[in-house]
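Per-entry structural report
Listed below are the residues making up each chain.
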Amino acid sequence: MSQTEIQPFSVLIVAGGNGTRFGAETPKQYQLLNGISVLEQSIKVFFSFKTLHKLRLVCDPSHLDFVSDTLLKYHLPPPSPSGKNRKESVFNGLRSFSDISSEEIILIHDAARPLISKEDIERGVLAASTSGAATLAVPVADTLTRSGGEPVDRSDLWSIQTPQAFRYGLICEAHDKFRDQDGFTDDASLVRALGHPVTLVPGNRRNFKITTPDDLEMAREIMRQIMQTNTETRTGLGFDVHAFDPGRPGPLRLGGVDIPYHCTLAGHSDADVGLHAVTDALLGTIAAGDIGLHFPPSDPQWKGADSTIFLKRAVELLHEKNAVITLIDLTFMCEEPKIGPHREAMQKVISKITGITTDRISIKATTTEKLGFTGRKEGIAAQALATIQLPVQA
Ligand code: MG
């Protein structure tokens, strides 16, 4: 991946469509693609730029339920309402950026183009920072004909894609000037009508727009290939021990679940030996140190802390690297209490925090045949293994 540090830029994602051509109850931009919505796939890549300034959305106000999770996850402001057509939607979205300078580059991107690459975005921004206006485009490859059979010379024909990139002042001027005129299907044509040239930046056919269910299937197939070829499998191990604290009455916190027992475990936090092992296993997959490094026991703020906080942090660190957790396997070593009756509840807690399904969360327990400190009921040990898929930087 290129390491070019491009100038700061902002992004407007247009998710206004109702998908009449898609023909499903859930509009295309909210269908799932590799476990997240098409919209989120389209947004995600922009957040891999350190120079992303602001990113905002336009969507149909009746679709807010579809976007609320994405807004929370990426800390996005409420979307602008879509208009009666794409031009009006973009106009509404542009107005929400009144707090950026007229020289700043703004990218306008369709929510239904989830396979946009980082390299294409970089080239769009660079071209617009020189010329003021640029759009990604690919040469037309198919032979073209009119319905009457007359051939069309395709040698100078391009299919226009998004993102399209503009100086903010220029694109606002174009939208203001042609506010009441119809017939513009994209933003580049508005800028051209203003008499300002638009640089064509050769893009990638993979950045197609999902319009039909067939397109969605094709996008899913491409994503599967990307995941297979561009990820590596990683495994991490976690191990932890806590002693019983006979002076402190239970319940006992294990695997995020309160278990009736005559005493608790001793520890600086809630002493959840199970979640500590899982957290360390996850941190291990990305060589991110251990729980003590992120939450020093010397820091009073973690006294009595709920260990779900530690697990949440490890999951956040994995998400920052676009890792996908595929398995968590946790084993408790103790004579008491019985783990079996609480297995499902622990799976649910861990599933909620990690976002993976319970069939990928294994909870096991063993005694140590009355040998050692666990055998003498002096404490509990836990061991965890985690497996992830991590994108490989090409
Ligand atoms: Mg511990």
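In short, a report on the structure. Fair warning: this is a prediction, and the values are worked out from it, not measured in the lab. Along each chain, residue indices are assigned from 1 in the same order as the chain's sequence is written. Local features in a predicted model are, by the rule used here, given only for residues with pLDDT of at least 70; side-chain atom pairs are given and counted only at 80 or more, and totals for whole chains, interfaces and linings are based on all residues. The basis for every side-chain value is the complete set of heavy atoms in the structure, and neither hydrogens nor water enter the calculation.

1. Focus: the packing of helix α3 (residues 86-95) against helix α5 (residues 168-177)
Between two packed helices, what matters for the description is the angle formed by their axes and the separation of those axes. Fitted lines through C-alpha atoms serve as axes, helices being fitted only where they are in contact, and the angles separating the N-to-C directions of these axes extend from 0 to 180 degrees. Helix numbers and strand numbers start at the N terminus; a helix is a DSSP run of H or I with at least 4 residues, a strand a run of E with at least 2. At a minimum axis distance of 11 Å, the contact between α3 and α5 shows a crossing angle of 135°. By the angle between their axes, α3 is oblique relative to α5. The crossing of α3 and α5 is left-handed. Contacts between α3 and α5 involve Lys87, Val90, Phe91, Leu94 and Arg95 on the former and, on the latter, Tyr168, Ile171, Cys172, His175 and Asp176. Under the grouping applied here, Gly and all other residues not named as nonpolar or charged are polar, the nonpolar ones being Ala, Val, Leu, Ile, Met, Phe, Trp, Tyr, Cys and Pro and the charged ones Asp, Glu, Lys and Arg. Classifying every residue of the contact of α3 with α5 by side-chain character gives six nonpolar, one polar and three charged. Roughly parallel covers angles under 35 degrees, roughly antiparallel covers those over 145, roughly perpendicular covers 65 to 115, and oblique covers all other angles. Should the near helix be turned counterclockwise from the far one by less than a right angle, the crossing is left-handed, whereas a clockwise turn marks it as right-handed. By definition in these notes, contact holds between two residues if any of their heavy atoms fall within 4.5 Å.

2. Some thoughts on the sheet that holds strand β6 (residues 105-110)
A pair of strands is treated as paired once DSSP finds two or more bridges between them. Here seven strands make up an open sheet; going across it, the order is β5-β4-β1-β6-β10-β7-β11 and the pairing mixed. Single-partner strands in this sheet number two, and they are β5 (80-81) and β11 (199-202). In this sheet, β6 lies alongside strand β1 (residues 9-15) in parallel orientation, the contact comprising six bridges. Of the residues in β6, the one forming a bridge with Ser10 is Ile106. Along the sheet, helix α4 (residues 118-131) contacts β1, β6, β7 (133-139), β10 (158-167) and β11; its crossing angle with β10, the most-contacted strand, is approximately 60°. Those strands touched by α5 are β6, β7 and β10, and its axis lies near 115° from that of β10.

3. What to know about the coordination of the magnesium ion
Reference values for coordination geometry: four tetrahedral donors around a metal ideally subtend 109.5 degrees, six octahedral donors ideally subtend 90 or 180 degrees. Excluding water, the donors of a metal are its N, O and S neighbours within 2.8 Å, or within 3.2 Å for Na, K and Ca, and that exclusion means sites may look incomplete. Protein coordination of the magnesium ion is provided by Asp240 (OD), His242 (NE2) and His276 (ND1), with donor distances spanning 2.1 to 2.3 Å. Every donor residue of the magnesium ion comes from the same chain, spaced as D-x1-H-x33-H. Relative accessibility thresholds used throughout: buried, under 20% of the residue-type maximum; exposed, over 50%; partly exposed, between the two (1.4 Å probe, protein chains only). Asp240 sits in the buried class, given a relative accessible area of 18%.

4. Considering the state of the cysteines
The rule for a disulfide is simple: a pair of cysteine sulfur atoms within 2.5 Å. Enumeration according to the criterion identifies zero disulfides in this entry. Of the cysteine sulfurs around Cys334, a residue in no disulfide, the closest is that of Cys263, at 12 Å.

5. Topic: unusual backbone geometry
At the junction of Thr162 and Pro163, the peptide bond is cis and its omega measures out at 5° in the coordinates. One can find Pro163 in strand β10. Of note, the bond from Glu336 into Pro337 is cis; its omega dihedral lies within 30 degrees of zero at -10°. Considering the arrangement of structural elements, one finds Pro337 in the loop between β16 (324-333) and α11 (343-354). For Ala271, which is not glycine, the phi dihedral falls at a positive 65°. If you trace the backbone, Ala271 turns up in the loop between β15 (264-265) and α8 (273-285). Of note, the phi angle at Asn322 is positive, near 60°, even though the residue is not glycine. The exposure class of Asn322 is partly exposed, given its relative accessible area of 37%.

6. Digging into the packing of aromatic side chains
Working definition: a ring pair exists when centres of Phe, Tyr or Trp rings (six-membered ring for Trp) sit within 6.5 Å. Plane angles under 30 degrees give stacked, over 60 give edge-to-face, the rest tilted. Evaluation of the coordinates by the stated rule reveals eight aromatic pairs. Judged by centre distance (4.7 Å) and plane angle (85°), the rings of Phe295 and Trp302 are edge-to-face. Neither Phe295 nor Trp302 differs from the other in exposure class; each is buried. Consider the rings of Trp302 and Phe310, whose centres lie 6.2 Å apart with planes at 80°: the pair is edge-to-face. An aromatic cluster is built from Phe295, Trp302 and Phe310, whose rings are joined through pairwise contacts. In our convention, an over-ring charge means Lys NZ or Arg CZ found within 6 Å of a ring centre and within 35 degrees of that ring's normal. Over the face of the ring belonging to Phe49 we find Lys118, whose NZ or CZ atom lies 5.0 Å from the ring centre. One residue, Arg179, lies across the ring of Phe91, its end atom 3.7 Å from the ring centre.

7. Quick notes on the pairing of β10
Across four bridges, the pairing between β6 and β10 is antiparallel. Bridged to Ile106 within β10 is Phe166. Where β7 lies against β10, six bridges are found, and the strand directions are antiparallel. Counted as the bridge partner of Ala137 is Ile160 from β10.

8. Some words on helix α2 (residues 64-73)
The complete set of buried residues in α2 reads Val67, Thr70 and Leu71. Along α2, the residues classed as buried sweep out an arc of 105° about the axis, all on the same side. Set apart from the buried face of α2 by more than 90 degrees, the exposed residues are Asp65, Asp69 and Leu72. On the buried face of α2, the contacting elements are β3 (36-37), α1 (38-44) and β4 (52-59). Think of the arc as the fan of directions from the helix axis to the C-beta atoms.

9. Side note on the sheet that holds strand β12 (residues 231-245)
The pairing of strands in a sheet comes from backbone hydrogen bonds and takes either a parallel or an antiparallel form. As summarised here, the arrangement of the five strands in space is β15-β12-β18-β16-β17, forming an open sheet in which the pairing is mixed. The open sheet has two edge strands with one neighbour each: β15 and β17 (361-366). Running at roughly 155° to β12, α8 makes contact with β12, β15, β16 and β18 (379-391) of the sheet.

10. Brief notes about the pattern of salt bridges
Throughout this description, the term salt bridge denotes a Lys or Arg side-chain nitrogen within 4 Å of a carboxyl oxygen of Asp or Glu. Within this structure, the stated rule accounts for 21 salt bridges. Across the salt bridge formed by Arg253 and Asp270, the nearest N and O atoms sit 3.7 Å from each other. Residue Arg253 is located in strand β13 (residues 252-254), and its partner Asp270 is located in the loop between β15 and α8; the two are separated by 17 residues in the primary sequence. Between Asp306 and Arg253 there is a salt bridge, and its shortest N-O distance comes to 3.5 Å. Residue Asp306 is located in the loop between α9 (291-294) and α10 (308-320), and its partner Arg253 is located in strand β13; the two are separated by 53 residues in the primary sequence.

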